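# Examination of the molecular architecture
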Amino acid sequence: MATYDTNKVFTPTTPAINTFVARDHKINKHLRDALNTPGKQIVLYGHSGCGKTTLITNELKKIYENHVTTRCMDGMTFDNIILDAFDQLGKFYKETTTKNELKIAPEVSIDYLDIKGSIKLFEVSRQKETTHKNFVPPQLTPQRLGKFFGESKCCWILEDFHKISGREKTKTSQIMKVFMDMAVDYAELKLIALGAVGTARQVIEYDKEMNNRVSEILIPYMKEIEIEGIIETGEQLLNIKFNKAVKDKIVTYSCGLPSICHQLCLNICFNKNVLKTQKDKITFTLTDFDEAIEKFVEERSDTLKAEFDRAIKVPNHSSVNRPIEVLKAALRTGKDEFSFDDVFVKISDSKSQKAEIEKVILELCSINRSEILVYDENSNKYRFNNLFTKSYVSLRFSDEEDTEAKTKSRRDQKIVDRLLEIIEKDLADDLDPFEDEL
């Protein structure tokens, strides 16, 4: 029996390789067709944790020998992105080559190294200055970058593209058009943008003439059977067993997010000191699951607080906090999935206008407000992005009535204890636990 490390089987923070579960046939076919179509650029979009990176990482291995990933961050500029990709391509362009290395035309390698030298020379000349600006040599154009990618037969991935703002995003999206036009010479030249937002247009802004040459693919939440696939694959690789009750709980609590499934499974294994494939099969019970949930909540408490605070933030001069009103109304519906009308009738402020509330509820589905709500285009309904978030929101509104005399340590413990209680009750009766208190 092969031996696997547990943290290489259950991978909540990195792409799943050993426990990769293929998605719906239509999604896989759409993605593979786009990858195999010369000049077709790709936008993968969906909510955080739904498996975009895992999916594209595993599919690329079947077509490309190499790929470069640029991880976009807030404040990143067009120049930052160009330089990051150029720098990572350096491993394919070396002054000395061996028979085993990728063969690239000598004149292209010389061209690359000349530009690299220009950048290094600029950096040396700026060392004594207190400020530093990114330097992109005039000869490092998007066309030249495309040539370097094409010669190295390498695919380019832009993760979290939505974090780039305004004009920089528009400029960067033009690289897609350049790559499209260069497909005549380099059929494999491809840029893939990943974004955690509701629609592809929010991920990347491009010209209308590019519409038919960009494949927009929504990566939805995983189905229950797909989440089960992760668990069952992990069981086989590690020689472990989650009893049916535990497996059902993991599936339910994951809410279609593979990242939560991986984290809960990893917590269960680590709590029982299962660090690699077991010689003798070990079975996990509900007690093990409860301990894993408590650990998950403890680790996530600060994140949950930050996401909640971001979701309800309004200017100091605001007379009312509409995000809070909408979230409270959503809880009052007593439903897992609720329509806009369900929420609007629960708004206590009779002066609220539908257009205003609709704008707020859409904002709560955006990355700017932590994607605390999720909109399902098929059902035309909304829901909290997972049970932990919903329960934390309920708890925070309940805590508003608590006295501030309580110590921080007692408050933190209360969050852990009550959140566990709320989640369990929420699953048991499918009703909001604080409906009467609101």
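Residues numbered from 1 in each chain as written. Predicted model: local features only at pLDDT ≥ 70, side-chain atom pairs only at ≥ 80, totals over all residues. Heavy atoms only, no water.

To continue, consider the overall build of the chain. The number of helices and strands found in the chain is 17 helices and nine strands. Here the chain, with 438 residues, has 48% of them falling under the buried criterion. Considering only residue pairs separated by 6 or more positions, the chain has 75% of its internal contacts joining residues 24 or more positions apart. Counting every atom, the chain has about 22300 Å² of accessible surface; 48% of that belongs to carbon and sulfur. (Helix = DSSP H or I, 4+ residues; strand = E, 2+ residues; numbered from the N terminus. Buried < 20%, exposed > 50% of the residue type's maximum accessible area, 1.4 Å probe, protein only. Contact = heavy atoms within 4.5 Å. Areas by Shrake-Rupley, 256 points an atom, 1.4 Å probe, with all protein chains shown as cover.)

By the definition in use, this model includes 24 salt bridges. Notably, a salt bridge pairs Arg23 with Glu226, separated by 3.6 Å at the nearest N-O pair. In this pair, Arg23 is assigned in the loop between α1 (6-9) and α2 (25-35) and Glu226 in helix α9 (residues 224-238), connecting sequence segments 203 residues apart. For Lys390, the salt bridge goes to Asp336, with nearest N and O atoms at 3.4 Å. (Salt bridge = Lys/Arg side-chain N within 4 Å of Asp/Glu carboxyl O.)

The next point concerns the nonpolar core. Formed by 50 residues in total, the largest nonpolar core has its most connected members in Phe10, Ile56, Ile192, Phe242 and Ile250. Looking at this core element by element, the count peaks at seven residues for helix α11 (residues 258-271). Setting aside chain neighbours within four positions, we find Phe242 in contact with Phe10, Ile231, Glu235, Lys247, Ile250, Cys265, Ile268 and Phe284. Membership of the second largest hydrophobic core comes to 40 residues, among which are Leu145, Ile175, Tyr186 and Met210. (Core = buried A, V, L, I, M, F, W, Y, C linked by side-chain atoms within 4.5 Å.)

Let us look at the state of the cysteines. According to the stated counting rule, one finds zero disulfides in the structure shown. Cys155 takes part in no disulfide bond, and the closest cysteine sulfur, belonging to Cys154, lies 7.0 Å away. Unpaired in terms of disulfides, Cys269 finds its nearest cysteine sulfur in Cys265, a separation of 6.8 Å. Judged by its relative accessible area of 0%, Cys269 falls in the buried class. (Disulfide = S-S within 2.5 Å.)

So, on to the pairing of strand β1 (residues 41-45). Judged by how many residues are buried, β1 sits mostly within the fold: five of five residues are covered. Side chains Gln41, Val43 and Tyr45 project from β1 onto one buried face, and the interleaved Ile42 and Leu44 project onto a second face that is buried too. Relative to strand β5 (residues 214-218), β1 runs parallel, the two being bridged by five bridges. When the bridges of β5 are listed, Leu44 appears paired with Ile217. In the sheet, β1 pairs with strand β4 (residues 191-195) via four bridges, with the strands oriented parallel. Bridge assignment links Ile42 to a residue of β4, and that residue is Ile192. (Pairing = 2+ DSSP bridges.)

This brings us to unusual backbone geometry. Even without being glycine, Lys153 reaches a positive phi, approximately 50 degrees. Looking at the secondary structure, you find Lys153 in the loop between α6 (142-151) and β3 (154-159).

Working definition: the strands of a sheet are paired by backbone hydrogen bonds and lie parallel or antiparallel to each other. Taken together, five strands build an open sheet; the order of strands is β2-β3-β4-β1-β5 and the sheet is parallel. Looking at the sheet topology across the chains shown, the edges are occupied by β2 (66-71) and β5. Across this sheet, the average inter-strand angle for adjacent strands is 20 degrees, counted without regard to direction. Inspection of the sheet shows β3 paired to β4 by three bridges, in the parallel sense. When the bridges of β4 are listed, Leu158 appears paired with Ala193. (Axes fitted to C-alpha atoms, helices over the stretch in contact; angles between N-to-C directions.)

Within the secondary structure, Leu191 sits in strand β4. For Leu191, a relative accessible area of 1% translates into the label buried. Once the C-alpha coordinates of Leu191 and Gly39 are considered, the two residues, 152 residues apart in sequence, prove to be 9.4 Å apart.

Turning our attention to the confidence of the model for the chain. Confidence in the prediction of the chain, expressed as mean pLDDT, is 82, and 81% of residues score 70 or more. Here residues 95-100 scores under 50 on pLDDT; set against residues more than four positions off or in separate chains, the count is two contacts. Throughout residues 401-409 the model reports pLDDT below 50, and contacts reaching past four residues in sequence, or to other chains, amount to three contacts. (pLDDT = per-residue confidence, 0-100.)

Taking burial as the measure, the nine residues of helix α3 (residues 52-60) include eight buried ones, the bulk of the element. Looking at α3, one finds that the buried residues are Lys52, Thr54, Leu55, Ile56, Thr57, Asn58, Glu59 and Leu60. Residues of α3 that are buried sit in contact with α2, β1, β2, β3 and β4.

The residue Ser215 is located in strand β5 in this model. When its relative accessible area of 6% is taken as the criterion, Ser215 is described as buried. Apart from residues lying up to four places away in sequence, Ser215 is in contact with His30, Ala34, Lys40, Gln41, Ile42 and Val43.

For the rest of this paragraph, the subject is the environment of Pro137. Among the structural elements, Pro137 can be located in the loop between α5 (106-125) and α6. Residue Pro137 is classed as buried on the basis of its relative accessible area, which comes to 2%. The spatial distance from the C-alpha of Pro137 to the C-alpha of Ser118 is 6.9 Å, given a sequence separation of 19 residues. Apart from the residues lying within four places of it in its own chain, the contact partners of Pro137 are Ile115, Ser118 and Ile119.

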